[in-house]
Amino acid sequence: MLYSGGVTILENVALAQYTTLGVGGVARWFVETSDEDEILTAVRFARTQGAPCFILGGGSNLLISDYGFNGVVVHVAPGTLAWTEADDETVSIKADAGVEWDAVVRLAVEKNGAGVECLAGIPGSVGGTPVQNVGAYGQEVSQTIVRVRALDLAAEKVVELTAAECEFGYRRSIFNSIERGRYAITRVEYKLAIGGAPLLEYRDVKNYFVERGIARPTLAQTSAAVREIRARKGMLLVADDADSHSAGSFFKNPVVEVKEVARLAAVAGCRVADVPQFPAGWGYEPEDCVVKLSAAWLMELAGFGKGFAIGRAGLSSKHVLAIVNRGGATAAEIVALRDAVIEGVLARTGIRLEQEPVLLGFADGRG
Ligand SMILES: Cc1cc2nc3c(=O)[nH]c(=O)nc-3n(C[C@H](O)[C@H](O)[C@H](O)COP(=O)(O)OP(=O)(O)OC[C@H]3O[C@@H](n4cnc5c(N)ncnc54)[C@H](O)[C@@H]3O)c2cc1C
């Protein structure tokens, strides 16, 4: 154990326990704090060692190399969660980065604030949500985030970024693209519509209520339904469900030009209407439009069904998109399965899938 500027720095800390996949080696140095000054101290310590620094949240979107990380990991510790009624129509929730995301959803629903009910049950921390613009069942955090407070690690100062400045897109923000590694997020403010109607855009959620004869579900019923649907898919962290030892969806849904849909229908031998697709952007001409395809459908077309495995890494038995640690898997096995899927889908469909989780400790950043 070391001390630097009053901060305790642990050495050789096993990282697997801090991730939902449960794989990965050790961090050379490890600091746990939610304090902005202490985060900066840890960053300065890394600099004096000539080592990189990594901000770790709930570890639910992360694949860590078997060799670990030769740098400083700053694990963002839990903080506080507060709400205010901003006006008659909106409730504002301010949450420190280390707060569990699901606690925000539960508070929003309790205060009758609409906008995050379909994001119930997503693991990880508040600080992780803007990074990849967390989304599910038709909602994304970008729709409710007003402000992100962060430390600019290069300039060593606190900044407040508006949602526009975060440049949110599908599974994207400045934090995981052009400004990757620059900021440590310390607080996020969300704005929710009081008494707003829950979003029932996605088929799974709509069907859930149709089957139960519920015409106007409440926010609480909607978030409970989402949790139940997620549990069926192994997309909720459940202690005794081996299928939840994952990083969630391992592959992003590819966004392609609309003309690709007809080509894929020919490849699959199905009708164009049977290719799962969602509008993802409009062009001046109809052929310029882009659509989001289903990565799961492409994988199944390429022969990667539920439960497919390489060694101790497998596809979830409930949801083909999740790569699961079936017990004692190494990061190398997970990478081998990932590469087999990417190459197989490319060969069969001409589409290259992109992985969603962040890699840590891999020499070329790809594993
Ligand atoms: C079972 C399961 C289901 C999932 N379902 C979904 C889903 O439906 N939709 C979805 O979008 N995601 C889903 N995920 C992925 C994951 O839960 C989210 O991406 C989550 O927001 C990651 O947050 P985290 O705190 O765990 O981040 P981590 O995994 O710890 O880190 C991920 C990235 O965010 C960065 N980061 C984390 N905290 C901070 C911070 N405070 N400041 C700066 N950078 C930070 C890290 O440096 C890293 O680059 C799922 C995961 C699992 C295991």
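Residues numbered from 1 in each chain as written. Predicted model: local features only at pLDDT ≥ 70, side-chain atom pairs only at ≥ 80, totals over all residues.

Draft legend 1. The overall build of the protein, seen in detail. Of regular secondary structure, the protein possesses eight helices and 22 strands. Taken over the C-alpha trace, the protein has a radius of gyration of 21 Å; the compact-globule value for 367 residues is 21 Å, and the two agree within 12%. Its C-alpha atoms give the protein principal-axis dimensions of roughly 65 × 55 × 45 Å. Considering the protein as a whole, with its 367 residues, one finds that 45% of them fall into the buried category. Partitioning the intrachain contacts of the protein with sequence separation of at least 6 by distance along the chain shows that 62% fall at a separation of at least 24. (Helix = DSSP H or I, 4+ residues; strand = E, 2+ residues; numbered from the N terminus. Rg over C-alpha atoms; globule rule 2.2 N^0.38 Å. Buried ≥ 20, exposed ≤ 12 C-beta atoms within 10 Å, placed from the backbone. Contact = placed C-beta atoms within 7 Å.)

Draft legend 2. How the structure looks around unusual backbone geometry. Phi is positive for Asn112, close to 65°, though the residue is something other than glycine. You can see Asn112 is positioned in the loop between helix 2 (101–110) and strand 9 (113–114). Residue Asn112 is classed as partly exposed on the basis of its C-beta count, with 15 C-beta atoms lying within 10 Å. Despite not being glycine, Glu156 has its phi angle at roughly 55°, a positive value. Summarising the element assignment, Glu156 is placed in the loop between strand 12 (145–152) and strand 13 (157–162). With 10 C-beta atoms packed within 10 Å, Glu156 lands in the exposed category.

Draft legend 3. Structural view of the domain arrangement of the protein. Looking at the assigned domains, one finds that the protein contains domain 1 (2–76), domain 2 (81–232) and domain 3 (242–360). Facing 14 residues of domain 1, the contacting portion of domain 3 comprises 15 residues. (Domains from an automatic or database assignment.)

Draft legend 4. Region of the structure containing the site of the ligand. Around the ligand, a shell composed of 35 residues is seen, among which Gly57, Gly124, Gly127, Gly128 and Gly248 lie nearest. Secondary structure elements with two or more residues in the shell around the ligand: strand 4 (53–56), strand 10 (135–136), strand 14 (183–194) and strand 15 (246–249). (Near = placed C-beta within 6 Å.)

Draft legend 5. Representation of the pairing of strand 12 within the structure. As defined by bridge partners, strand 12 adjoins strand 14 across seven bridges and the pair is classed as antiparallel. By the bridge assignment, Ala150 is partnered in strand 14 with Ile185. Of the strand pairs in this sheet, strand 12 and strand 13 are connected by six bridges, and their pairing is antiparallel. Its bridge partner lying in strand 13, Arg149 is registered against Glu160. With antiparallel pairing between neighbouring strands as the criterion, strand 12 and strand 13 make up a hairpin whose turn holds four residues, including Glu156 at a positive phi of roughly 55°. (Pairing = 2+ DSSP bridges.)

Draft legend 6. Here's a closer look at the sheet that holds strand 20 (residues 313–315). Read from one edge to the other, the open sheet built from four strands follows the order 15-21-20-19, with strand pairing classed as antiparallel. Every interior strand has two partners, whereas the edge strands, strand 15 and strand 19 (309–310), have only one. In this sheet, strand 20 lies alongside strand 19 in antiparallel orientation, the contact comprising two bridges. By the bridge assignment for strand 20, Ala309 is matched with Gly314.

Draft legend 7. Region of the structure containing the environment of Ala155. Among the structural elements, Ala155 can be located in the loop between strand 12 and strand 13. Since 9 C-beta atoms lie within 10 Å of it, Ala155 is described here as exposed. Residues Ala155 and Cys270 lie 115 residues apart in sequence; the distance between their C-alpha atoms is 54 Å.

Draft legend 8. Here's a closer look at the sheet that holds strand 16 (residues 255–257). Sheet architecture is open: three strands sit in the order 16-18-17, paired in antiparallel fashion. Each edge of the sheet is formed by a strand with only one pairing partner; in this case those strands are strand 16 and strand 17 (277–281). Averaged over all adjacent pairs, the angle separating strand axes in this sheet is 40°, with direction ignored. For strand 17 and strand 18 (residues 290–293), the ladder comprises four bridges, and the chain directions are antiparallel. Paired with Phe278 across the bridge in strand 18 is Lys292. (Axes fitted to C-alpha atoms, helices over the stretch in contact; angles between N-to-C directions.)

Draft legend 9. Inspection of the packing of helix 4 (residues 203–212) against helix 5 (residues 219–232) at higher detail. Orientation of helix 4 relative to helix 5, taken along the N-to-C sense of each, is 110°, at an axis distance of 10 Å. When the axis of helix 4 is compared with that of helix 5, the two are roughly perpendicular. For the pair helix 4 and helix 5, the crossing hand works out as right-handed. Of the residues in helix 5, those touching helix 4 at Asp204, Val205, Tyr208 and Phe209 are Thr222, Ala225, Val226 and Ile229. (Parallel < 35°, antiparallel > 145°, perpendicular 65-115°, else oblique. Left-handed = near helix turned anticlockwise from the far one by under 90°.)

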